[in-house]
Amino acid sequence: MLVGPNTLPHTRCSTCRYRRFRALVIKSIAKYLFSNAMEGLKVSDANLVVYVHPSKSTKVQQAVLRELSSLLFKFSENFDGVVLAYDFQIQDKIAKILPGFHPYFVVRLKAKLLLFAPKPNMLLEGKVVKLTQTSIHVIVLGFSSAIISDEDIREEFNYKIKHGDEQFGSRSHKRHVIKVGTVIRFLVKSFDEEILHISGSLVPANTGGIRWLARHLEEFSLTERSPRKRGESEGELVIQEQAYSLNNDNRIKEVKEA
């Protein structure tokens with residue numbers, strides 16, 4: 001059960017819409033996850049603990065989904081990335097009841113998280129949504145905004161207005177044009193974890209319009225870039241022997257096991 005949206009179905013009709021929307025979200029994410037050029041995505045395995053109110057004892061699945069959905073499209077320091085989607089399994093059929101005025105019971109999960117964690121010098125892909133004479137504005141994965149300032153656009157590109165449309169055209173390659181709607185590959189300079197904003201660059205020669213790069217710059221494949229450790233190249237981060245708790249204010253706290 002891989003979940004993307006942060007709302008839960010309440011009726012049969014809304015359940016169908018929910019499943020269709022979830023399928024579209026997953027399909028969109030998978031497109032980038034298995035792309036050879038898109039970096040910044042990784043899968044993390046984690047042991048989670050969710051506190052469920054007694055009133056939800058007959059709807060544990062929904063209660064868990066609500067808690068996990070509160071993590072979506074937010075940066076998590078514990079997982080070092082933005083949670084895009086998750087898959088989970090409830091570990092035990094019998095939950096431990098906590099003492100107190102509100103006797104919450106503990107549900108232990110084993111979850112697999114899809115994370116977006118862009119780092120400097122990684123290559124990302126996004127769609128251009130706005131152009132000005134001094135900047136290019138991009139949306140990555142449909143939620144994270146990026147800006148490429150004039151100083152980070154290589155001199156090869158020249159700003160002009162053609163047939164009423166703003167665009168950056170290459171002086172060296174007339175068919176290499178960047179305009180609104182173009183999907184581009186750019187280099188990450190920095191990432192603001194709080195507002196999920198990326199500062200990018202088009203200075204490297206292996207950046208620019210995706211279609212043009214695919215036809216003319218095959219030599220700039222990821223395998224020829226600077227070497228990295230195997231775990232980094234596979235984009236996997238495994239969290240072992242750790243458990244996290246989702247409390248009622250939707251923040252994660254580490255749980256020390258007895």
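The structure under discussion appears in the preceding block.
Below is a short write-up of the structure. Keep in mind that what you see is a predicted model, and the values were worked out from it rather than measured.

All right, on to a negative patch on the surface then. Among the surface-exposed residues, E77, D192, E193 and E194 lie close enough to one another that they form a single negatively charged patch. Note that D192 resides in strand β13 (residues 183–192).

A few words now on the nonpolar core. Membership of the largest hydrophobic core comes to 29 residues, with the highest contact counts inside it found for F116, I136, V140, I184, F186 and I198. Ranked by residues supplied to this core, first place goes to β13 with 4 residues. Setting aside its immediate chain neighbours within four residues, I136 contacts V128, K130, L131, A146, I147, I148, I153, F168, I178, I184 and L202. Counting 20 residues, the second largest nonpolar core, distinct from the first, contains L48, V83, V107 and L115.

Another aspect to go through is the pattern of salt bridges. A complete count under the given rule lists 5 salt bridges for this structure. With a closest N to O distance of 3.9 Å, K42 and D80 form a salt bridge. Pair noted here: K42 is in strand β2 (residues 41–52) and D80 is in the loop between β3 (75–76) and β4 (81–90), with a separation of 38 residues, a long-range link. Residue class for K42 comes out buried when judged on its relative accessible area of 13%.

Now for the sheet that holds strand β12 (residues 177–179). Spatial ordering of the open sheet is given by β10-β11-β12, a layout of 3 strands whose pairing is antiparallel. Each having just a single partner strand, β10 (157–162) and β12 make up the two edges of the open sheet. When strand polarity is set aside, the average angle formed by the axes of neighbouring strands in this sheet is 30°. As paired elements, strand β11 (residues 165–170) and β12 share 3 bridges and run antiparallel to each other. Pairing of Q167 across the sheet is with K179, part of β12.

Attention now goes to the packing of aromatic side chains. This structure, assessed with the given rule, holds 5 aromatic pairs. Geometrically, the ring pair formed by Y86 and F88 is tilted, given 6.3 Å between the ring centres and 45° between the ring planes. A residue is classified by how much of its surface remains accessible, and Y86, at 1% relative accessible area, is buried. Overall, F88 belongs to the buried group, its relative accessible area being 7%. A ring pair is formed by F116 and F143, whose centres lie 5.8 Å apart and whose planes are at 80°; its orientation type is edge-to-face.

With that settled, the discussion passes to a positive patch on the surface. A cluster of like positive charges, contributed by K160, K162, K174 and K179, occupies part of the molecular surface. Along the chain, K160 falls in strand β10.

As defined by bridge partners, strand β7 (residues 123–132) adjoins β13 across 5 bridges and the pair is classed as antiparallel. Bridge pairing in β13 places K127 opposite V183. Sheet analysis places β13 next to strand β15 (residues 208–209), joined by 2 bridges and oriented antiparallel. The residue of β15 that forms the bridge with R185 is G208. The hairpin turn running from β13 into strand β14 (residues 197–201), its antiparallel successor, is 4 residues long, and L196 in that turn takes a positive phi close to 60°.

About the thresholds
Residues numbered from 1 in each chain as written. Predicted model: local features only at pLDDT ≥ 70, side-chain atom pairs only at ≥ 80, totals over all residues. Heavy atoms only, no water. Patch = residues over 30% accessible without salt bridge, like charges linked within 9 Å, V, L, I, M, F, W, Y side chains within 5 Å. Areas by Shrake-Rupley, 256 points an atom, 1.4 Å probe, with all protein chains shown as cover. Salt bridge = Lys/Arg side-chain N within 4 Å of Asp/Glu carboxyl O. Lys, Arg positive; Asp, Glu negative; His and termini not counted. Charge placed at Lys NZ, Arg CZ, Asp CG, Glu CD. Helix = DSSP H or I, 4+ residues; strand = E, 2+ residues; numbered from the N terminus. Core = buried A, V, L, I, M, F, W, Y, C linked by side-chain atoms within 4.5 Å. Buried < 20%, exposed > 50% of the residue type's maximum accessible area, 1.4 Å probe, protein only. Contact = heavy atoms within 4.5 Å. Pairing = 2+ DSSP bridges. Axes fitted to C-alpha atoms, helices over the stretch in contact; angles between N-to-C directions. Phe/Tyr/Trp six-rings, centres within 6.5 Å; stacked < 30°, edge-to-face > 60°.

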